[in-house]
Structures are given as C-alpha cells and as structure tokens.
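# Architecture at a glance
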Amino acid sequence: LEAAERVAEHLGVAEHVVQGIDLRVFGGSAITSEIAVPKDRVFSSDRNDIPITYVPARNTIFLAFALAYAEAAHARDIFIGVHATDYSGYPDCRPEFIAKFQELAALATRAGVEGETIRIQAPLLEMTKAQIVREGVRLGLNYQMTISCYDPTAEGLACGHCDACRLRHRGFEEAGIEDCTRYVEPAVSVS
C-alpha cells in the first residue's frame, strides 16, 4: 500500500482510493496465512503447478471491486498488471481469465447492459519480466518506488529469495538494466 501511494503521488493521480480487503480471513496461501513463503525454490515448467503463494480468487476479488468503482465513477477502462509468463502458474493471471472477466463485466453491470462495456485492460499479460522492466524504464518509472516481494520486511525491503523477488531480479538481468530494488540481501535469479 505504501508503494502504491508513492507511485500514485509521483504520477499525480487525481484520486487514489484505498479499500481494505483482508484475504487473511480465508487463508489458503503463504501470503494470507502462517504458511512459510517458499524461498529459493526450483521452478517447474508445468503451467499447472500452482504455487502455495497463489491467493485464492484474489484477482477476481480485486477486479470485482474495481468494476464496481469504475461503474460508479463512469469509467470505461480498468487496468490490471497481471502477466501470464515467467512461470507464474496463477490461474487468475491467464488470458482466459481476463477474457471471461471481460464477459462478466458486460453481463453484470448497468453499463454493460446499456452497451457501454467497461474494458478490462491487461497490457502486461503477454510480456516477459524483461519486457516489463524495459517498458517501465521507457515510461520513466522509478522502480525503487515499487515492490514485488511476497515476504517484505516491516521496513519495506524485499527479501530477495521469494519467487517474486527472483523473477523480478531475472527480469532486470535479462533486460540489461541494473536492479535498483531495495533488498535485505542480494536477490538470487531464477536459473
């Protein structure tokens, strides 16, 4: 939330709404329960290998909130930063999920029924981490303001060893750009 606030302020966002959604009430993930976040794990090439860091229905819930807000605000586009590459294995980061949620947005809203569908935009969906890093740099993003870590410290430092840190670090390496992420200890790339 602190990183989102920094980025919103830096970009001069007109309105930044924060609505608490505490998925720890359900658990079911290393991110939402007392299950340890895996560190330095070997990645599987099996796209059906869903990691313990998958949070049940998280993107469905986030998009549902965003859809309600977009409709109330008369917005016609929702942007979500999911991407399907780099071993994520998360079912709610696939192109099929985004397409089906787009159908839901058309069916389940007044805007959709009246022919003004709210579009779900996922511009990173088919990009690799390296492509995402390069695009962020091209757009002037200060990556030091962001964090991807599944197990950050209370001070906001990235652990350097969870899947998110390792994939992020590999993205910087493959992009040929220095990783300016604030890690507790240096990140170890995915091999």
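Everything below is about the structure shown above.
The notes below deal with the structure included here. Treat the numbers as computed from the prediction; the structure is a model and nothing was measured.

What counts, and where the lines are drawn
Residues numbered from 1 in each chain as written. Predicted model: local features only at pLDDT ≥ 70, side-chain atom pairs only at ≥ 80, totals over all residues. Heavy atoms only, no water. Helix = DSSP H or I, 4+ residues; strand = E, 2+ residues; numbered from the N terminus. Rg over C-alpha atoms; globule rule 2.2 N^0.38 Å. Buried < 20%, exposed > 50% of the residue type's maximum accessible area, 1.4 Å probe, protein only. Contact = heavy atoms within 4.5 Å. Core = buried A, V, L, I, M, F, W, Y, C linked by side-chain atoms within 4.5 Å. Phe/Tyr/Trp six-rings, centres within 6.5 Å; stacked < 30°, edge-to-face > 60°. Expected span 1.5 Å × (residues − 1). Arc of directions from axis to C-beta.

### Comments concerning the overall build of the protein
Along the protein, the regular secondary structure elements total 6 helices and 2 strands. Secondary structure elements of the protein occur, N-terminal to C-terminal, as α-α-β-α-α-β-α-α. Relative to a compact globule of 191 residues, whose C-alpha radius of gyration would be 16 Å, the protein shows 17 Å and is just as compact. Across its three principal directions, the C-alpha atoms of the protein cover 50 × 35 × 30 Å. Taking all 191 residues of the protein together, the buried fraction comes to 38%. Across the protein, every contact between residues at least 6 apart in sequence was considered, and the portion connecting residues at least 24 apart equals 64%.

### Let's talk about unusual backbone geometry
Across the chain, the bulk of peptide bonds are trans and the bulk of non-glycine residues have phi less than zero. A positive phi angle, near 55°, is found at Asp 40, a position not held by glycine. Among the structural elements, Asp 40 can be located in the loop between α1 (2-11) and α2 (58-72). Phi angles above zero are rare outside glycine, and Ala 57 is one such case at about 60°. For Ala 57, the location among the structural elements is in the loop between α1 and α2. Ala 57 sits in the partly exposed class, given a relative accessible area of 32%.

### With respect to the nonpolar core
Residues Leu 63, Ile 78, Ile 80, Val 82, Ile 98 and Ile 120 are the most contacted members of the largest nonpolar core, which totals 18 residues. Among the elements of the structure, α2 and α3 (95-107) are those that each provide at least two residues to this core. Take this core: its biggest share by element is 4 residues, from α3. Residue contacts for Ile 80: discarding those within four places in its chain leaves Asn 59, Leu 63, Ile 98, Ile 120, Gln 121, Ala 122 and Pro 123. In terms of nonpolar packing, the next biggest core, distinct from the first, is built from 10 residues, Ala 158, Cys 162, Tyr 183 and Ala 187 among them.

### Things to note about the packing of aromatic side chains
Aromatic ring pairs are described here by two measures, namely the spacing of the ring centres and the angle between the planes. Throughout the structure, instances matching the rule amount to 3 aromatic pairs. Their ring planes at 45° and their centres at 6.1 Å tell us that Tyr 54 and Tyr 90 sit as a pair that is tilted. In this pair, Tyr 54 sits in the loop between α1 and α2 while Tyr 90 sits in the loop between β1 (77-79) and α3, placing the two residues 36 residues apart along the sequence. Judged by its relative accessible area of 9%, Tyr 90 is buried.

### Quick word on α3
For α3, built from 13 residues, the straight-helix expectation of 18 Å at 1.5 Å per residue is met to within 8% by its first-to-last C-alpha distance of 19 Å. Of all the residues in α3, the buried ones are Phe 97, Ile 98, Phe 101 and Ala 105. The arc that holds every buried residue of α3, seen down its axis, measures 95°, which confines them to one face. Residues of α3 that are exposed and point over 90 degrees away from its buried face: Lys 100 and Leu 107.

In short, shape yes, function no, at least from these values alone.
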